[in-house]
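A closer look at the structure
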Amino acid sequence: MHTSADKRDVARRGELLVTTVADTVLDLARCLPPAFGLAVADAAIRSHPGDVSLSVLREVVASQRNPRGRRRAEWVIDHADAASESVGESVSRAVIGWCGFPSPLLQRTHIVDGRRYRSDFCWPALRVIGESDGWAKYGADPQEVTRALRAEKRREQDLRRAGWTVARWDFADAVSGEGLRAALLAAGLRPERRADTARLSSIGRNPRSR
């Protein structure tokens, strides 16, 4: 629970009173580690385009008097992107930047022998693709898992034959920073600036990341 001098807009959802999406995003962005605040903002502007946008978030934070966490919230707004489709992708995007790697393109479409594939992250000039793996996407049914794994293997083989190097990591790799960094270095990507060690260490200080 947090208190604030700034008024919150409240709406009723059934029997519950809730704050608006914009207020909720900014309250969380002020107090969460930046990578997780970014995941909240990404999800909000992706899932609630009619309720919140980057311009709305900027207007709301500019109108608030509370200075605590303002810089963190402004960083989140500056980097939020609705193209990130999961918490893992949002956290990975933050870590990629903090490790000093060049910014990737998100959700890029690749057509190989008439088959259409999409990548989480892509660096076209370097022919590198990055994939943030989440185990939930495979489902629980053994047959579904088998089909998904076969399709994924074929997809990766096609992309590699087309000249792409594919780097893969999971959520734990992104949170640690080192696993993601090692995957991109092994794929041939190189940092173009110094790492932001302070922000990288902020992820591990969140108890929910363990």
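One structure accompanies this document, and this report is about it. (Residues numbered from 1 in each chain as written. Predicted model: local features only at pLDDT ≥ 70, side-chain atom pairs only at ≥ 80, totals over all residues. Heavy atoms only, no water.)

**Re the overall build of the protein chain**
For the protein chain, the count of helices and strands is nine helices and six strands. Looking at the protein chain as a whole, 40% of its 210 residues are labelled buried. A sequence separation of at least 24 residues applies to 62% of the contacts in the protein chain between residues at least 6 apart. (Helix = DSSP H or I, 4+ residues; strand = E, 2+ residues; numbered from the N terminus. Buried < 20%, exposed > 50% of the residue type's maximum accessible area, 1.4 Å probe, protein only. Contact = heavy atoms within 4.5 Å.)

**Some thoughts on the environment of Ser84**
Within the secondary structure, Ser84 is located in the loop between helix H4 (70–79) and helix H5 (87–98). By relative accessible area, Ser84 is classed as buried at 1%. As for Ser84 and Ala39, which are separated by 45 residues in sequence, their C-alpha atoms are 8.3 Å apart. Ignoring any residue separated from it by four or fewer positions in sequence, one finds Ser84 in contact with Asp42, Arg46, Glu89, Ser90, Arg93 and Leu106. A polar contact is formed between the side chain of Ser84 and the side chain of Arg93, at a distance of 2.4 Å. (Polar contact = N/O pair within 3.5 Å; in protein donor to acceptor, adjacent residues only side chain to side chain.)

**Side note on helix H1 (residues 21–31)**
Given 3.6 residues per turn, any residue in an α-helix points the same way as the ones three and four places further on. Taken together, the buried positions of H1 are Ala22, Asp23, Val25, Leu26, Ala29 and Arg30. The arc that holds every buried residue of H1, seen down its axis, measures 160°, which confines them to one face. (Arc of directions from axis to C-beta.)

**Re the packing of helix H2 (residues 34–47) against H5**
At a minimum axis distance of 8 Å, the contact between H2 and H5 shows a crossing angle of 130°. By the angle between their directions, the pair H2 and H5 is classed as oblique. For the pair H2 and H5, the crossing hand works out as right-handed. Here Pro34, Ala35, Phe36, Leu38, Ala39 and Asp42 of H2 lie close against H5, whose contacting residues are Val87, Ser90, Val91, Arg93, Ala94 and Trp98. A breakdown of the residues in the contact of H2 with H5 according to their chemical character gives nine nonpolar, one polar and two charged. (Axes fitted to C-alpha atoms, helices over the stretch in contact; angles between N-to-C directions. Parallel < 35°, antiparallel > 145°, perpendicular 65-115°, else oblique. Left-handed = near helix turned anticlockwise from the far one by under 90°. Nonpolar A, V, L, I, M, F, W, Y, C, P; charged D, E, K, R; others polar.)

**Description of the pairing of strand E4 (residues 115–123)**
Residues in a regular strand project their side chains so that they alternate between the two faces of the sheet. Looking at chain direction, strand E3 (residues 105–112) and E4 are connected through seven bridges and run antiparallel. Note on E4: the bridge partner recorded for Leu106 is Phe121. Counted along the chain from E3 to the antiparallel partner E4, the turn is two residues long, and its residue Asp113 has a positive phi close to 50°. As paired strands, E4 and strand E5 (residues 128–133) are joined by three bridges and run antiparallel to one another. Following the sheet pairing, Trp123 is matched in E5 by Val128. Between E4 and E5, which pair antiparallel one after the other, the connecting turn spans four residues, and Arg127 there sits at a positive phi close to 55°. (Pairing = 2+ DSSP bridges.)

**Focus on the nonpolar core**
Counting 42 residues, the largest nonpolar core has Leu57, Ile96, Trp169, Leu184 and Ile203 as the members making the most contacts within it. Looking at which element gives the most residues to this core, the answer is H2, with six residues. If sequence neighbours within four positions are ignored, Ile96 has contacts with Phe101, Pro102, Pro104, Phe121, Trp123, Trp169, Leu180 and Leu184. Of all hydrophobic cores here, the second largest spans seven residues; its members include Val112, Tyr117, Leu159 and Val166. (Core = buried A, V, L, I, M, F, W, Y, C linked by side-chain atoms within 4.5 Å.)

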